[in-house]
Amino acid sequence: MNSNSFWLYETGFDFFAPYVDDRELADGTPIERQGSFQWFGYVSTDSRKRLQVQFYWTEGRSFPRFERLNQLGGTLVFRPLPQLDGSFDLAYTESAGTIRQIREAGPQPDPSGTVDPAVTFPRTGATDKPRLYILAPQQARSVSATLRATYAFTPHLTLQAYSQLFTAGIYYGPRLRAAVEPGRRTVRLDELGPAKPADKPFETTSNDEQQVGLNLNLILRWEWRTGSTFYLVYAHQSSNDVKTGVVGGPSIGRELGALSAKGVAHGDSILVKVDLLSAL
């Protein structure tokens, strides 16, 4: 819907039927995925104004076993001066409850103790034998803030700026087990049960993970004549990818703290580029 004041409103619903996923377990064995529905929307203010706001959202739920998807975001577009324009984007995405594999197929526990259940099978041929999968509900969240701006000193001389701060966290809940006989039957969610100590579910599983990144770019562009342009570019990047066993789910504070934690990588570069157009 468009209003007389040039505001734009949009909303709707999506429904997804249940299906099976034959990629999650890595060896071709399908796993059940639930049906879901989503409500989405978008609102935008008058684009003719010096200040424009855009906002969007998606709220999703899966059933009968609880899963959720939340996406919220917005953009502030600003044009305070004829020679200055830019935008600021903020985006938040969260999902929880999706069952993910955290250890590939391995042998089922042997009462005699002669087989180590922490060993995994090669993907090729894994479905020819009885096997055990270790899975867990995943909770993931990401937040990003992006600023873009361009200032025109003259029609031929401009300064462009781009910066982005990004954080993400991936966390796993209680470990679950799925014992499967030879073949590629579908693994049903209602057959999953708590992992047993004999399964050794924690020895080879991936740890929770936190990521953070900061990017900054400044570009001075000078076109001293048509087709001939000089560029001066400064770029900075900081990033860190931390494996952690912290319990308690996603935390923006912990993720931002990874930017100053041990192992953070920093990089700075300066680039000079000249494009020349010769007259024939």
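You'll find the structure just up there.
Description of the structure in this document. Note that the structure is a prediction, hence the values are computed from the model and not measured. (Residues numbered from 1 in each chain as written. Predicted model: local features only at pLDDT ≥ 70, side-chain atom pairs only at ≥ 80, totals over all residues. Heavy atoms only, no water.)

### Re the overall build of the chain
Phase 1 of the analysis: If you tally the helices and strands in the chain, you get one helix and 14 strands.
Phase 2 of the analysis: Taking 2.2 N^0.38 as the reference for a compact globule, 280 residues should give roughly 19 Å; the C-alpha atoms of the chain span a radius of gyration of 26 Å, well beyond that estimate.
Phase 3 of the analysis: A principal-axis box enclosing the C-alpha atoms of the chain has dimensions of 80 × 50 × 45 Å.
Phase 4 of the analysis: Counting over 280 residues, the chain shows a buried share of 34%.
Phase 5 of the analysis: Sequence separation of 24 or more characterises 65% of the internal contacts of the chain that already satisfy a separation of 6 or more.
Phase 6 of the analysis: Entry remark: accessible area of the chain is about 16100 Å², with carbon and sulfur atoms responsible for 60%.
Phase 7 of the analysis: Both charge centroids of the chain, one from 29 positive and one from 29 negative side chains, sit 3 Å from each other. (Helix = DSSP H or I, 4+ residues; strand = E, 2+ residues; numbered from the N terminus. Rg over C-alpha atoms; globule rule 2.2 N^0.38 Å. Buried < 20%, exposed > 50% of the residue type's maximum accessible area, 1.4 Å probe, protein only. Contact = heavy atoms within 4.5 Å. Areas by Shrake-Rupley, 256 points an atom, 1.4 Å probe, with all protein chains shown as cover. Lys, Arg positive; Asp, Glu negative; His and termini not counted. Charge placed at Lys NZ, Arg CZ, Asp CG, Glu CD.)

### Observations regarding the pairing of strand β9 (residues 157-172)
Phase 1 of the analysis: Sheet analysis places strand β8 (residues 131-154) next to β9, joined by 16 bridges and oriented antiparallel. The partner of A140 across the bridge, within β9, is I170.
Phase 2 of the analysis: Following β8, the chain reverses through two residues before pairing antiparallel with β9.
Phase 3 of the analysis: Looking at chain direction, β9 and strand β12 (residues 208-225) are connected through 14 bridges and run antiparallel. Bridged to T167 within β12 is V212. (Pairing = 2+ DSSP bridges.)

### Quick look at the pattern of salt bridges
A side chain with one charge may pair with a side chain of the opposite charge, provided their charged atoms come close.
Phase 1 of the analysis: Applying the stated rule across the entire model yields 13 salt bridges.
Phase 2 of the analysis: Between E24 and R33 there is a salt bridge, and its shortest N-O distance comes to 3.3 Å. Exposure class is identical for E24 and R33. Each is buried.
Phase 3 of the analysis: For the salt bridge of R131 with D27, the shortest nitrogen-to-oxygen distance reads 3.9 Å. One end of the pair, R131, is in strand β8; the other, D27, is in the loop between β2 (19-21) and β3 (31-33), with 104 residues separating them in the sequence.
Phase 4 of the analysis: A relative accessible area of 7% means that D27 is categorised as buried.
Phase 5 of the analysis: Ionic contacts of the salt-bridge type, sharing partners, join the residues D21, R23, E24, R33 and R100 into one network. (Salt bridge = Lys/Arg side-chain N within 4 Å of Asp/Glu carboxyl O.)

### Here we look at unusual backbone geometry
Phase 1 of the analysis: In this model, F63 is joined to P64 through a cis peptide bond whose omega is 5°.
Phase 2 of the analysis: In this fold, P64 is placed in the loop between β5 (51-63) and β6 (67-81).
Phase 3 of the analysis: With phi around 70°, F6 is a residue other than glycine that occupies positive phi space.
Phase 4 of the analysis: Of note, F6 is situated in the segment before β1 (8-16).

### Considerations on the environment of P201
Phase 1 of the analysis: Examined against the element boundaries, P201 turns out to sit in the loop between β11 (193-194) and β12.
Phase 2 of the analysis: Sequence separation between P201 and I102 is 99 residues, and the spatial gap between their C-alpha atoms is 9.0 Å.
Phase 3 of the analysis: Once you skip the residues sitting within four places of it in the chain, P201 turns out to touch R103, I134, R175, A195 and K196.

### A short note on the nonpolar core
Phase 1 of the analysis: Formed by 14 residues in total, the largest nonpolar core has its most connected members in I31, I99, Y133, L135, V187 and L192.
Phase 2 of the analysis: Of all elements in the fold, only β7 (84-106), β8 and β10 (176-180) reach the threshold of two or more residues within this core.
Phase 3 of the analysis: Counting residues per element, this core draws most heavily on β10, at three residues.
Phase 4 of the analysis: Contacts of I99, omitting those with residues within four sequence positions, involve E24, I31, R33, R65, L135, A136, P137, L176, L189 and L192. (Core = buried A, V, L, I, M, F, W, Y, C linked by side-chain atoms within 4.5 Å.)

### Describing the packing of aromatic side chains
Phase 1 of the analysis: All told, the structure shown has seven aromatic pairs when counted by the stated rule.
Phase 2 of the analysis: Pairing Y151 with F153 gives two aromatic rings, centres 5.0 Å apart and planes at 65°, and the pair type is edge-to-face.
Phase 3 of the analysis: On the basis of relative accessible area, Y151 is assigned to the partly exposed category, the value being 27%.
Phase 4 of the analysis: Taken together, F15, F37 and F63 form an aromatic cluster joined through their ring pairs. (Phe/Tyr/Trp six-rings, centres within 6.5 Å; stacked < 30°, edge-to-face > 60°.)

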